[in-house]
Amino acid sequence: GDVNDASNLYKEGANAASESDGSRLSLQDLSLDIAKLSFLDACPSFIYHLYGLSDRSTDLFTLESHAKYGDTEVRSLLTRKPALATTAAVIMNMWMYSTYLLHQGLDHCYKRSIADNADVVPLDGGGMDEFIALWIGKGRIPGTADGNGLYGWTQQMGNYFGKNNPEAAVNT
């Protein structure tokens, strides 16, 4: 495909709409939305990746300098190696955002469970519903690497490592 079309699709999105205002969500949004969070709101997995990317620095400014790593790498690949950009977007943007959603959902459930009145703690989206949408994606065929969500990517990796029988264990 055309690199400009792919870049526009990455930046502007196509199919997913925001629940709050109906605007389109993009793969770039998945990466940049996490990068905007304070460290108190970021999920541990994201901070762990930043820690590794910053040569195990614990300096907050050094960690923050890597916060947009997923977006930076995908945009670079769109011009240098376009064939890898799709995989990079799934691995870096979609995976990290789905991990964030799981942590966010767990955090909201925990806060509701310890609150005197659970109704005063909003769920604010996130959690399993959005995570499952990212995992399943569109075009998924069970037991195959078809589809464009994390399920399909996991099947590809299971094929690569010889771990599918017929599905990767994490997909069952």
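Heads up: the structure comes first, above all this text.
These notes cover the structure that comes with them. Keep in mind the model is a prediction, meaning the values are calculated, not measured.

## Section: empty space enclosed by the protein
On inspection of all chains with the given rule, the structure shows one cavity of 30 Å³ or more. In this structure, the largest cavity spans a volume of roughly 50 Å³. If you trace the largest cavity, you find it lined by Ser 31, Ile 34, Phe 46, Ala 67, Tyr 69, Gly 70, Met 92 and Met 96. Where the lining of the largest cavity is concerned, the elements lending two or more residues are helix H2 (27-35), helix H5 (69-80) and helix H6 (82-114).

## Some thoughts on the pattern of salt bridges
Summed over the entire model, instances satisfying the criterion amount to five salt bridges. Between Arg 75 and Asp 71 there is a salt bridge, and its shortest N-O distance comes to 2.9 Å. Of this pair, Arg 75 and Asp 71 both sit in helix H5, four residues apart, roughly one helical turn. With relative accessibility at 36%, the residue Arg 75 sits in the partly exposed group.

## A look at the layout of surface pockets
Considering only enclosed or pocket space, the second largest pocket measures out at about 260 Å³ in volume. As for the second largest pocket, its lining consists of 13 residues, and the residues nearest its centre are Leu 40, Asp 41, Gln 104, Asp 107 and Lys 111. For the lining of the second largest pocket, the element with the highest residue contribution is H6, accounting for six residues. Its residues placed into classes, the lining of the second largest pocket shows seven nonpolar, three polar and three charged.

## Digging into the packing of H2 against H6
Two elements in contact, H2 and H6, have axes whose closest approach is 9 Å; the angle formed by their N-to-C orientations is 55°. Here H2 is positioned oblique relative to H6, judged by the angle of their axes. Relative to H6, the crossing made by H2 is left-handed. From H2, Leu 27, Gln 28, Leu 30, Ser 31, Asp 33 and Ile 34 reach across to H6, where they touch Ala 89, Asn 93, Met 94, Met 96, Tyr 97 and Tyr 100. For the contact of H2 with H6, a count of residues per class yields eight nonpolar, three polar and one charged.

## Let's talk about H5
With twelve residues, H5 ought to run about 16 Å at 1.5 Å a step, and its terminal C-alpha atoms sit 16 Å apart, in line with that. Taken together, the buried positions of H5 are Tyr 69, Gly 70, Asp 71, Val 74, Leu 77 and Leu 78. On the buried face of H5, the contacting elements are helix H1 (3-12), H2, helix H3 (44-53) and H6.

Rules of the game
- Residues numbered from 1 in each chain as written.
- Predicted model: local features only at pLDDT ≥ 70, side-chain atom pairs only at ≥ 80, totals over all residues.
- Heavy atoms only, no water.
- 1 Å grid on protein atoms, 1.4 Å probe; cavity = no way out; pocket = protein on both sides within 12 Å on 5 of 7 lines; lining within 4 Å.
- Points joined across faces, edges and corners; volume = space filled by probe spheres on them.
- Helix = DSSP H or I, 4+ residues; strand = E, 2+ residues; numbered from the N terminus.
- Salt bridge = Lys/Arg side-chain N within 4 Å of Asp/Glu carboxyl O.
- Buried < 20%, exposed > 50% of the residue type's maximum accessible area, 1.4 Å probe, protein only.
- Nonpolar A, V, L, I, M, F, W, Y, C, P; charged D, E, K, R; others polar.
- Axes fitted to C-alpha atoms, helices over the stretch in contact; angles between N-to-C directions.
- Parallel < 35°, antiparallel > 145°, perpendicular 65-115°, else oblique.
- Left-handed = near helix turned anticlockwise from the far one by under 90°.
- Contact = heavy atoms within 4.5 Å.
- Expected span 1.5 Å × (residues − 1).

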